[in-house]
Amino acid sequence: MTLVLDVFSPPYFEYHGARLVDLPADKERFFVLDAIESSGNIAIRKKIAASSLLKASPGTNAFPFVLPNISGKKIRLRDYLGKVVLLDFWSTGCAGCASFYKNILRSKIVPAFQHNSQLVIISICTDANKDMWEKSLKEEIFTDNDEINVYTDGKWFEHQIITYYGLTGLPFVLLIDRSGTLLGDLTFLSAEQIIDKI
């Protein structure tokens, strides 16, 4: 398995089986397309997580987004004050996004909190094409219709919520507390670690 993390600034990392090496700065850059969970190596996860370019630090206000759902209704972060919110950013075709949804979110996190109304999962699609998003919703590879599904209006990585968090790769997973404060980036944590943080 090869995992390339694009942080848009050196060093870049590539994982080869059991070792992590720096890549040359002119190496072609990629989005994360394989969930770090599959490496099974805690040291690798920690090193990559430490490379996060998250602009908004834990303890700061989460971005007060207003995003449309499939029917066009505006979904606002403020509608969920008083609840813990997990934001799952994804895009059609992102293998890592599909892996996170299938192996972590759907199979472990959702069952752990299925009877807890205090956790809200909001699935944010960054597709440039709305038709593609709607098709992906039907296929349920990256999310499903039990979640709150919203869309960045085809603005992809130019949307304000994306630039606010300094997002450069997918999947991207954030946790927000009951007061609307950012708790942190969960992207490279294991399912068990995410459950503990929630």
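Residues numbered from 1 in each chain as written. Predicted model: local features only at pLDDT ≥ 70, side-chain atom pairs only at ≥ 80, totals over all residues. Heavy atoms only, no water.

Right, let's talk about the overall build of the protein for a bit. Looking only at helices and strands, the protein has five helices and ten strands in total. For the protein, contacts bridging at least 24 residues in sequence account for 69% of all contacts bridging at least 6. (Helix = DSSP H or I, 4+ residues; strand = E, 2+ residues; numbered from the N terminus. Contact = heavy atoms within 4.5 Å.)

Another point: the pairing of strand E7 (residues 119-125). Counting buried residues in E7 gives seven out of seven residues, a clear majority hidden from the surface. Taking every second residue as pointing to the same face, both faces of E7 are buried, with Leu-119, Ile-121, Ser-123 and Cys-125 on one and Val-120, Ile-122 and Ile-124 on the other. Pairing between strand E6 (residues 84-90) and E7: seven bridges, direction parallel. When the bridges of E7 are listed, Leu-86 appears paired with Ile-121. With respect to chirality, the unit in which E6 leads through helix H2 (residues 95-112) into the neighbouring parallel E7 is right-handed. A crossover links E7 with its parallel partner strand E8 (residues 148-151), the connecting element being helix H3 (residues 130-139), and its sense is right-handed. (Buried < 20%, exposed > 50% of the residue type's maximum accessible area, 1.4 Å probe, protein only. Pairing = 2+ DSSP bridges. Right-handed = clockwise from strand over helix to strand, strands pointing away.)

Quick look at H3 now. What H3 keeps buried is the set Trp-133, Ser-136 and Leu-137. With its buried residues spanning 105° around the axis, H3 presents them on a single face. Opposite the buried face of H3, at more than 90 degrees from it, the exposed residues are Asp-131, Lys-135 and Lys-138. In the core, the buried residues of H3 are packed alongside strand E4 (66-68), E6, E7 and E8. Where H3 begins, the side chain of Asn-129 points an oxygen toward the backbone nitrogen of Asp-131, at a separation of 2.8 Å. Remark: Glu-140 follows H3 within two positions and exhibits a positive phi of approximately 55°. (Arc of directions from axis to C-beta. Polar contact = N/O pair within 3.5 Å; in protein donor to acceptor, adjacent residues only side chain to side chain.)

This brings us to unusual backbone geometry. A cis geometry characterises the amide bond from Leu-170 onward to Pro-171, with omega recorded as 0°. Residue position: Pro-171 is located in the loop between helix H4 (160-165) and strand E9 (172-176). Of note, Glu-140 is a non-glycine position whose phi angle comes to about 55°, a positive value. Within the element layout of this structure, Glu-140 appears in the loop between H3 and E8. A positive phi angle, near 60°, is found at Asp-153, a position not held by glycine. Position of Asp-153 relative to the elements: it lies in the loop between E8 and H4.

Nothing here speaks to function; it is all geometry.
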